[in-house]
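Listed here are the chains, written in short residue letters.
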Amino acid sequence: MNTILNNLREKLNNIFAKFDIDESVQISISKITDFDIQINNLVKYKNHKSIEEIKNHLLKELDKSEYFSSVEFSDKLFINLKFNLINLAKNIDNSKKDFAVNKREKLILDYGGPNIGKPLHVGHLRSLNIGRSLYNMNKFIGNEVKSDIHLGDWGMPIAQIITYIEKNNLDIQTLKVSDLESIYPLSSKEYLNDEKFQEKAKEINKKLNTDDDETISKWKIIKDVSLVEIKKNLSELGHSFDYWFGESDVNSLIPDMLENLIEEDKVEYDESALVSKENIEPKVLITKSDGSYLYITTDLATIIYREKHIPFDKIFYIVDSRQSLHFRQLFSSAKYFEFNNLNFEHVGFGTLNDENGNPFKTREGGTKPLIELFSETYKYIYKINQNLEDKTIKQLTNTVLTYSDLLTNRKTNYKFDLKKFTNISGKTGIYIQYAQVRAKNLFQIANNNNSLELSDEIGNIESELLSKIFLFGYYLERSIEMSEPHHLADYLYELSNLFNIFYEDEKILNIEDEKIKNSKLYITKLFLETCHNVMFCLGVEPVNEM
RNA sequence: GCGCCUGUAGCUUAACUGGAUAGAGCAUCUGACUUCGGAUCAGAGGGUUGGGGGUUCGAAUCCCUCCAGGCGUGCCA
């Protein structure tokens, strides 16, 4: 489809250019029921002196295309196009080859970002889901993608934990994750309330930064213990990463980086903190007044690290929108400091709130661990169907946790709603799984995989379903271009819905006319393949039973 | 104070970035040969797109203003 859309755009753009119309063709979904796609550019050129000639050129070009069976110019000059489904079916099966990019790009996706010592909590869900989806979509079209989890494994929080352990004489050798998880909130609380504790923690933070052996070995134990748990949870949730780099990995680059910046006169001291000399408001603080590092210090070093070790064309940061100022400063500073590669995008998403729109907190005051949400959803599904394999229930659980999350535009504020995540009727992960299970079963029973062909006579619901199937590329393109998986998520519902209607319309296996039956099975097959590709792009695994 | 963002049906939301009659799901009500798997399908009601003004062929979308809310803002990440 992308090849088709791109082809169409290219040809029509040439015609536009011939008549000095300086804009590119915009293709969108048709709002007229009898048509599939529409082009709106011409509407504003109604009074163009050569409008008739432009129309003729366009019409001639569109008539030539084997992928459209009819073309219509409305009064207002909307151009409506109807698919030639037979010809499309001959050439398109919605597999990777139909969407492969001409030039592969090297992309880094920075998402997840768990902190050592803390369990994954519901606030990590969006970053993980969106990140994985962007990863898979780009993989699907052939880009070279690498994911980096970007661990929060350095700095003050870790120093606080070590301080707490030392102060209370805890045995670090026998430290368990559960201990760590209870220490974390206690230590940060003491840091805020106890001046002595604070001083000690700062001292330890300094020891970390100067590679003090004893402190480093403590840090290692904490990191190892915590990482085992994080990896276990992530794998349960169906996430994997190419790189597990953290803030600690870039720490050693910072002194040189700062030295260079000072030498190049890009930064200056202000109240003994390093501040960028870039002329923007607010000023960008690069280090604290005691010389220790900030969020942006490590993030800048991370860019340097990645340029060295993971060459990239672009980095995506999939992080909460509240941090947009940080990323604006980061990107702008990287440019001002003349780092080489300057292609960055902050893929932000709404703030995590509870059902009432207040900042999310559990009764105990913390955030809900992600794995708790997983097991609650698991139990809920198990109750409905106890005959399913454990593997299937887990797949369904992850489908629910992924699909309901991706369905909403990432920019809107994020209401964490348990009902929404466990809901199994309507536009949900359960619904889309059910549709493809039905299709799969149909095939098993039909037991006829060969010689399937689309018949010349296509009924209404069949052509509606086919049109939708051939629009996959359109939604894929949109989702990738805007880093917004919700277009594909919604498309998957529409696709599944049309399939269910098609399925209920007539019992396919009872059809006596082999030609028609095969044609319907052909459509089913096309649906199934498309559906699975969309699911891959969203990070959802199709189940085999329900 | 300054900056950024949001406001669409009772609820959750979509709208191809300025295009045709604002489209869905939930909830509510009504209905479907007891099935190639009913976790489905068909139908109904529900909208002054927060209010007001402007820009133009055309506005949920752009501009102004007011209202309501959220977030961020030099030593957390």
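The rules behind each value
Residues numbered from 1 in each chain as written. Chains lettered and ligands numbered in written order. Predicted model: local features only at pLDDT ≥ 70, side-chain atom pairs only at ≥ 80, totals over all residues. Heavy atoms only, no water. Helix = DSSP H or I, 4+ residues; strand = E, 2+ residues; numbered from the N terminus. Buried < 20%, exposed > 50% of the residue type's maximum accessible area, 1.4 Å probe, protein only. Lys, Arg positive; Asp, Glu negative; His and termini not counted. Salt bridge = Lys/Arg side-chain N within 4 Å of Asp/Glu carboxyl O. Contact = heavy atoms within 4.5 Å. Pairing = 2+ DSSP bridges. Axes fitted to C-alpha atoms, helices over the stretch in contact; angles between N-to-C directions. Expected span 1.5 Å × (residues − 1). Arc of directions from axis to C-beta. Right-handed = clockwise from strand over helix to strand, strands pointing away. Parallel < 35°, antiparallel > 145°, perpendicular 65-115°, else oblique. Nonpolar A, V, L, I, M, F, W, Y, C, P; charged D, E, K, R; others polar. Domains from an automatic or database assignment. Buried area = accessible area lost by both parts, 1.4 Å probe.

1. Some points on the side chain of glutamate 278
Tracing the sequence through the fold places glutamate 278 in the loop between strand S8 (273-276) and helix H11 (295-309). Buried glutamate 278, no salt bridge; nearest opposite-charge side chain is lysine 335, N-O distance 7.7 Å. Setting aside residues no more than four positions away along its own chain, glutamate 278 makes contact with Lys283, Ser332, Ser333 and Tyr336.

2. Describing the sheet that holds strand S2 (residues 37-39)
One open sheet accounts for four strands, arranged S1-S2-S4-S3; its pairing is antiparallel. Edge strands, defined here as strands with exactly one partner in the open sheet, are strand S1 (27-29) and strand S3 (68-73). Taken over all neighbouring pairs, the strand axes of this sheet differ in orientation by 25° on average, direction set aside. Strand direction decides the pairing type here: S2 and strand S4 (residues 79-83), joined by three bridges, are antiparallel. The residue bridging isoleucine 39 from the neighbouring strand is isoleucine 79, located in S4. Across the sheet, helix H1 (residues 2-18) is in contact with S1, S2, S3 and S4; its angle to S1 comes to roughly 130°. Where helix H2 (residues 51-64) meets the sheet, its contacts fall on S3 and S4, and the angle it forms with S3 comes to roughly 165°.

3. Considering helix H13 (residues 370-384)
Three or four residues apart is the spacing at which side chains of an α-helix point the same way, because the helix has 3.6 residues per turn. An ideal rise of 1.5 Å per residue puts 21 Å on 15 residues; H13 measures up with 22 Å between its terminal C-alpha atoms. Listing the buried residues of H13 in full gives Leu370, Leu373, Phe374, Thr377, Tyr378 and Ile381. Mapping the buried residues of H13 onto a view down its axis gives an arc of 135°, with all of them on the same face. The exposed residues of H13 that point more than 90 degrees off its buried face are Lys379 and Lys383. In this structure, the buried side of H13 is in contact with helix H4 (125-140), helix H8 (213-236), helix H14 (390-406), helix H15 (418-422) and helix H16 (429-446).

4. Some thoughts on the pairing of strand S5 (residues 106-110)
The element S5 is largely enclosed, with a buried count of four among its five residues. On the question of chirality, the crossover connecting S5 to the parallel strand S6 (residues 144-148) by way of H4 is right-handed. Pairing geometry for S5 and strand S9 (residues 314-318), over four bridges, is parallel. Across the sheet, leucine 107 pairs through a bridge with lysine 314, a residue of S9.

5. What to know about the environment of isoleucine 445
Along the chain, isoleucine 445 falls in helix H16. On the accessibility criterion, isoleucine 445 (62% relative accessible area) is exposed. Separated by 232 residues in the primary sequence, isoleucine 445 and aspartate 213 have C-alpha atoms spaced 66 Å apart.

6. Some points on the packing of H14 against H16
For the pair H14 and H16, the least separation of the axes is 8 Å and the interaxial angle reads 125°. With respect to each other, H14 and H16 are oriented oblique. Counting all contacts with H14, which are made through Leu396, Thr399, Val400 and Tyr403, the residues of H16 involved are Gly429, Ile430, Ile432 and Gln433. The residue inventory of the contact of H14 with H16, partitioned by class, reads five nonpolar, three polar and no charged.

7. Overview of the domain arrangement of chain A
What the domain assignment reports for chain A is domain 1 (2-83) and domain 2 (385-410 + 417-538). Computed from C-alpha atoms alone, the centre-to-centre distance between domain 1 and domain 2 is 31 Å. Counting residues at the interface gives ten residues for domain 1 and seven residues for domain 2. Carbon and sulfur atoms make up 59% of the area that domain 1 and domain 2 hide from each other, which totals about 690 Å². Looking at the side of domain 1 facing domain 2, the largest losses of area belong to Asn2, Ile29 and Phe83, adding up to 59% of the total buried there.

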